[in-house]
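Next come the chains, spelled out residue by residue.
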Amino acid sequence: MRKGVANIKDVAAAAGVSISTVSRVLNHSGNVDDDLRARVRRAVRDTGYSANPLASSLKSARRNQIAIVIPTLRRNYYTDIIKGVSEFFYEKEIIPVILESDGVFEKEREMIASLEKQWVDGIILIPGQYEAGEEYERYADSLSGLTKSGTGIPVVLVEAPRMNPKLDVVRADHETAFYAMAEHLLEIGRRKVAYLGNAEDAPLYPFATRGVEQAFAAYGLSLERRYVKNNNYTVLEGYRSMKELLDEGLSVDGVLCVNDQVAAGALNACLEHGISVPQETAIVGFEGTALSIVTSPSITTMIVPRFEIGAAAAKLLHQRMEGDAGGPREILLRVHLAIRASTMNSAGKSLDVMFSE
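Only a predicted model underlies this, so the values are computations on that prediction, with no experimental measurement involved.

Peer 1: An account of the packing of helix α8 (residues 174-187) against helix α9 (residues 205-218) is needed here, citing residue identities and associated values.
Peer 2: α9 packs onto α8 with a crossing angle of 40° between their chain directions and a minimal axis gap of 7 Å. Considering the angle they form, α8 stands oblique to α9. In terms of crossing hand, the pair formed by α8 and α9 is right-handed. Taking contact as the criterion, the partners of H174, E175, F178, Y179, A182, E183 and L186 in α8 are, on α9, F207, A208, R210, G211, V212, Q214, A215, F216 and A218. Within the contact of α8 with α9, the residues separate by chemical class into 10 nonpolar, three polar and three charged.

Here is the structure:
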């Protein structure tokens, strides 16, 4: 290699490939064999070549940057999804930018509008709310029409319903999950079951609630409204909701919770009221976080593959960024129930029950 600052020709020569191949690898455009890609990256390191990001951005609409818009970073559920997205794009040398909408529709909409002006290459969106009305419908429709320099900005929804028919969706099968959670309580003989669900404007509320109601119907029962409390995913909300039910004098022998934090709060409220778990009241959570293992008793929970959800969403978004123009896809990921001491003392540490996709 000649003396001086290395250029793209030097990289191509060192890697034994064409300049166009080096360009495709550096710009993350087009399909390049993994071995060739590795050779080019090694040659870049060996030659000390450094691309000019400003010049590259002027030649191409690609910025090698995507955005992840989430309601909050305070839920481990979302941070695990982010990790799945980030690790996938790290391998592609694409930078993810994380934005919090605080679960507020107006803020989320403003963020998306700002991202379109910033020319990101793609967006992974976990909506904070799902509302009825013309304003929300216009926003949902706009998500499939985002552009930069005449090129579309793909959006993949995560843990949400399909907000318009043109959008891709990656999520857990909440309807199946909550059906199975309710069925488990009913199978072990619980009939006075409380449902500590999420807010009614939460994106997946209809799916989860429908699953619960269908399980009850299969047993010839109905979910009584007085046993239903809406929550915001926190331990304190679970504690408050369960305490309200007990203070109202309701007899509760089973509790179905929207996540493990709410389940932990409900468990605490039961123990505080002298109610033994699971002998008198059985509790089921959702998510499969570490919290469900460290409580005493440990909490039966529906384990959701959060990292895999993020990785699947990232892969799908990348395919769209690379020009995949196929029809919209909905990917439902597999869940499984880990049966623990909060529903069955005899379950020991964990008994896993799998559910198909």
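Peer 1: I'd like a description of the pattern of salt bridges, backed by residues and values.
Peer 2: As enumerated under the stated definition, the model contains 19 salt bridges in all. A salt bridge links R320 to D168; the nearest nitrogen and oxygen atoms lie 2.7 Å apart. Placement of the pair is R320 in helix α13 (residues 306-321) and D168 in strand β7 (residues 168-172), with a sequence separation of 152 residues. Overall, the relative accessible area of 12% leaves R320 in the buried class. For D168, a relative accessible area of 4% gives the class buried. Across the pair K229 and E248 runs a salt bridge whose closest N-O atoms are separated by 3.2 Å. With K229 in strand β9 (residues 228-231) and E248 in the loop between α10 (235-247) and β10 (254-257), the pair connects residues that are 19 residues apart, well separated along the chain. Several salt bridges share partner residues, and in doing so they unite K229, E237, R240, E244 and E248 into one network.

Peer 1: Just give me the short version of the pairing of β9, but keep the residues and values in it.
Peer 2: Across four bridges, strand β8 (residues 193-198) lies against β9 in parallel orientation. From the neighbouring strand, L196 faces β9, where its bridge partner is K229. Handedness of the β-α-β unit built from β8, α9 and β9 comes out right-handed.

Peer 1: Before we move on, can you summarise the environment of V258 with the specific residues and values?
Peer 2: With respect to the helices and strands, V258 occurs in the loop between β10 and α11 (260-272). Residue classification places V258 among the buried positions, given a relative accessible area of 4%. Taking the C-alpha atoms as reference points, V258 and E224, separated by 34 residues in sequence, lie 17 Å from one another. Residues contacting V258, with those up to four places away along its chain left out, are F178, L196, G197, N198, Y233 and F286.

Peer 1: If you had to explain the nonpolar core to someone new, which residues and values would you point to?
Peer 2: With 49 residues, the main nonpolar core has V170 and L256 as its most contacted residues. If we skip the residues at most four places from it in the chain, L256 touches M181, A182, L185, V193, A194, Y195, L196, V212 and V284. Y227, L246, V252 and I283 belong to the second-largest nonpolar core, a separate cluster that totals 22 residues.

Peer 1: Which residues make up the packing of aromatic side chains, and what values go with them?
Peer 2: What characterises a pair of aromatic rings is the spacing of the ring centres plus the angle enclosed by the ring planes. Across all of its chains, the model carries eight aromatic pairs by this definition. Judged by centre distance (6.0 Å) and plane angle (75°), the ring pair of Y77 and Y78 falls under edge-to-face. For Y77, a relative accessible area of 3% gives the class buried. Under the relative-accessibility criterion, Y78 is labelled buried at 8%. By way of ring pairs, the aromatic residues Y77, Y78, F178 and F286 are connected into one cluster.

Peer 1: Describe the sheet that holds strand β2 (residues 95-100), naming the residues involved and giving the relevant values.
Peer 2: Pairing in this open sheet of six strands is parallel, and the strands run β2-β1-β3-β6-β7-β13 from one edge to the other. One side of each edge strand has no neighbouring strand; the edge strands of this open sheet are β2 and β13 (330-333). Across the sheet, the mean angle separating the axes of adjacent strands is 20° when strand polarity is ignored. Where strand β3 (residues 122-125) lies against strand β6 (residues 155-158), three bridges are found, and the strand directions are parallel. Across the sheet, residue L125 finds its bridge partner in β6, namely L157. Together, β1 (65-70), β2 and β3 form the strand contacts of helix α6 (residues 105-117), whose direction differs from that of β1 by roughly 175°.

Peer 1: Can you lay out unusual backbone geometry for me, pointing to particular residues and giving the numbers?
Peer 2: Note that the residue after V277, namely P278, is joined by a cis bond; omega there is 10°. Note the cis peptide between S296 and P297, where omega equals 0°. Relative to the helices and strands, P297 resides in the loop between α12 (291-294) and β12 (300-303). Residue E93 is not a glycine yet carries a positive backbone phi of 60°. Mapped onto the fold, E93 is located in the loop between α5 (76-91) and β2.

Peer 1: Any chance you could break down α11 for me, citing the residues and the numbers?
Peer 2: Its 13 residues place the ends of α11 18 Å apart at the C-alpha level, agreeing with the 18 Å of an ideal helix rising 1.5 Å per residue. For α11, the tally of buried residues reaches 10 of 13 residues, placing the bulk of the element in the interior. Listed in full, the buried residues belonging to α11 are D260, Q261, V262, A263, A264, G265, A266, L267, A269 and C270. Where α11 ends, the next residue or the one after it, G274, has phi of about 75°, a positive value.

Peer 1: I'd like a description of α5, backed by residues and values.
Peer 2: With 16 residues, α5 should cover 22 Å at 1.5 Å per step; its first-to-last C-alpha distance of 23 Å lies within 8% of that length. Of all the residues in α5, the buried ones are Y77, Y78, I81, I82, G84, V85 and F89. Seen end-on, α5 carries its buried residues on one side only, within an arc spanning 155°. Exposed residues pointing more than 90 degrees away from the buried face of α5 are listed as Y90 and E91. Phi turns positive one or two residues past the end of α5, at E93, with a value near 60°.

Cut-offs applied
Residues numbered from 1 in each chain as written. Predicted model: local features only at pLDDT ≥ 70, side-chain atom pairs only at ≥ 80, totals over all residues. Heavy atoms only, no water. Axes fitted to C-alpha atoms, helices over the stretch in contact; angles between N-to-C directions. Helix = DSSP H or I, 4+ residues; strand = E, 2+ residues; numbered from the N terminus. Parallel < 35°, antiparallel > 145°, perpendicular 65-115°, else oblique. Left-handed = near helix turned anticlockwise from the far one by under 90°. Contact = heavy atoms within 4.5 Å. Nonpolar A, V, L, I, M, F, W, Y, C, P; charged D, E, K, R; others polar. Salt bridge = Lys/Arg side-chain N within 4 Å of Asp/Glu carboxyl O. Buried < 20%, exposed > 50% of the residue type's maximum accessible area, 1.4 Å probe, protein only. Pairing = 2+ DSSP bridges. Right-handed = clockwise from strand over helix to strand, strands pointing away. Core = buried A, V, L, I, M, F, W, Y, C linked by side-chain atoms within 4.5 Å. Phe/Tyr/Trp six-rings, centres within 6.5 Å; stacked < 30°, edge-to-face > 60°. Expected span 1.5 Å × (residues − 1). Arc of directions from axis to C-beta.

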